[in-house]
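This is what each chain is made of:
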Amino acid sequence: MNHMYELFLQHFNTKVALTAEEEALLKTYLTQKKLRRKQYLLQSGDICKAFAFIEKGAMKSYTVDDAGVEHIIQFGIEGWIIADLYSFLTGEPALYNVDAVEDAELVLISKSAHDALLKVLPKYETYTRLNFEGAYIAMQRRLTSIISNSLEERYEQFTAQYPEIAQRFPQHMIASYMGLTPETLSRVRKRISVK
């Protein structure tokens, strides 16, 4: 099952190049997990004890409101990281649920492994910082898009930026991510198609 670290190490090396020794050291801190479709990695109220790098499959992170409606915060596919970052960093209960939309193979880095790696492998700190910066920029762009673009522009931007997600996730989930009902998203798509 060690081939599972392949994509993670590839991803790491594109951001920060590791020596063979550093790679071997890093591997000692990683764990693997397989999830079946609809299986939880994290449930809201629990503490996020690890963040997950997706080697294979598709995941989503979401909240559920009082009416039982899902509000998707983040999608994740191969090469992406998913977690409740606030809970992971603070040890506070998670706000988000994280579960598998497709069967998934994950590389987990626990909080204790994360803290140890920050001390023993300086390149890990760089890798983490680059990921956090990327996530922050993506969140800012999403917020700006919500505030300043029409629904049509938002949907077109989303599908242009994340074509694979638009293909792999059902429309009702994309609607949830955009803060729309499936019916509204359907109307938006119709208006775009007649342009």
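Quick summary incoming for the structure in this document. (Residues numbered from 1 in each chain as written. Predicted model: local features only at pLDDT ≥ 70, side-chain atom pairs only at ≥ 80, totals over all residues. Heavy atoms only, no water.)

1. What to know about the overall build of the chain
Phase 1 of the analysis: Within the chain one finds 9 helices and 8 strands.
Phase 2 of the analysis: The C-alpha radius of gyration of the chain comes to 18 Å, within 12% of the 16 Å expected for a compact globule of 195 residues.
Phase 3 of the analysis: Each principal axis of the C-alpha distribution contributes one length, and for the chain these read about 55 × 35 × 30 Å.
Phase 4 of the analysis: Counting only residues that meet the buried cut, the chain has 38% of its 195 residues in that class.
Phase 5 of the analysis: When the accessible surface of the chain is summed, it comes to about 10800 Å², and 55% of that surface belongs to carbon and sulfur atoms.
Phase 6 of the analysis: Separation between the mean location of the 23 positive side-chain charges and that of the 24 negative ones in the chain comes to 4 Å. (Helix = DSSP H or I, 4+ residues; strand = E, 2+ residues; numbered from the N terminus. Rg over C-alpha atoms; globule rule 2.2 N^0.38 Å. Buried < 20%, exposed > 50% of the residue type's maximum accessible area, 1.4 Å probe, protein only. Areas by Shrake-Rupley, 256 points an atom, 1.4 Å probe, with all protein chains shown as cover. Lys, Arg positive; Asp, Glu negative; His and termini not counted. Charge placed at Lys NZ, Arg CZ, Asp CG, Glu CD.)

2. A few points about the sheet that holds strand β2 (residues 40-42)
Phase 1 of the analysis: A sheet is described by the order of its strands in space; here 4 strands give the open sequence β2-β7-β4-β5, paired in antiparallel fashion. Every other strand in the sheet has two partners, leaving β2 and β5 (70-76) as the edge strands with one partner each. Each adjacent strand pair in this sheet contributes to an overall mean axis angle of 30 degrees, direction not counted.
Phase 2 of the analysis: Bridging between β2 and strand β7 (residues 97-100) involves 2 bridges; their strand directions are antiparallel. By the bridge assignment for β7, Tyr40 is matched with Asp99.
Phase 3 of the analysis: Along the sheet face, helix α8 (residues 171-178) touches β4 (59-64) and β5 and points at about 100 degrees away from the line of β5. (Pairing = 2+ DSSP bridges. Axes fitted to C-alpha atoms, helices over the stretch in contact; angles between N-to-C directions. Contact = heavy atoms within 4.5 Å.)

3. Describing the nonpolar core
Phase 1 of the analysis: Phe8, Phe12, Leu26, Met59, Leu106, Ile109 and Tyr124 are the most contacted members of the largest nonpolar core, which totals 33 residues.
Phase 2 of the analysis: Counting residues per element, the ones that place at least two in this core are α1 (5-15), β3 (50-56), β7, β8 (104-110), α4 (111-120) and α5 (122-148).
Phase 3 of the analysis: Counting residues in each nonpolar core, the second largest holds 20 residues, with Ala166, Ala175, Tyr177 and Ile192 among its members. (Core = buried A, V, L, I, M, F, W, Y, C linked by side-chain atoms within 4.5 Å.)

4. Notes on the side chain of Asn97
Phase 1 of the analysis: Relative to the helices and strands, Asn97 resides in strand β7.
Phase 2 of the analysis: A distance of 3.0 Å separates the side chain of Asn97 from the backbone nitrogen of Ser44, its partner in a polar contact.
Phase 3 of the analysis: The residues touching Asn97, leaving out its near neighbours within four places in the chain, are Tyr40, Leu42, Gln43, Ser44, Lys60, Ser61, Tyr62, Thr63 and Val64. (Polar contact = N/O pair within 3.5 Å; in protein donor to acceptor, adjacent residues only side chain to side chain.)

5. Details of the packing of aromatic side chains
Phase 1 of the analysis: Counted according to the given criterion, the structure contains 11 aromatic pairs.
Phase 2 of the analysis: Aromatic pair Phe8 and Phe12: ring centres 6.1 Å apart, planes at 65 degrees, arrangement edge-to-face. With Phe8 and Phe12 both in helix α1 and 4 residues apart, this pair spans about one turn of that helix.
Phase 3 of the analysis: Here the aromatic rings of Trp80 and Tyr162 are separated by 5.7 Å at their centres, their planes lie at 65 degrees, and the arrangement is edge-to-face. Of this pair, Trp80 sits in the loop between β5 and β6 (81-82) while Tyr162 sits in the loop between α6 (151-161) and α7 (163-168), and the two are 82 residues apart along the sequence.
Phase 4 of the analysis: In this structure Trp80 comes out as partly exposed when scored by relative accessible area, which is 27%.
Phase 5 of the analysis: Through a chain of ring-to-ring contacts, the aromatic side chains of Phe75, Trp80, Phe158, Tyr162, Phe169 and Tyr177 assemble into a single cluster.
Phase 6 of the analysis: The ring of Phe88 carries the charged tip of Lys111 above its face, separated from the ring centre by 5.8 Å.
Phase 7 of the analysis: A cation over an aromatic ring shows up here: Arg142 above the ring of Tyr177, its NZ or CZ 3.7 Å from the ring centre. (Phe/Tyr/Trp six-rings, centres within 6.5 Å; stacked < 30°, edge-to-face > 60°. Lys NZ or Arg CZ within 6 Å of the ring centre and 35° of its normal.)

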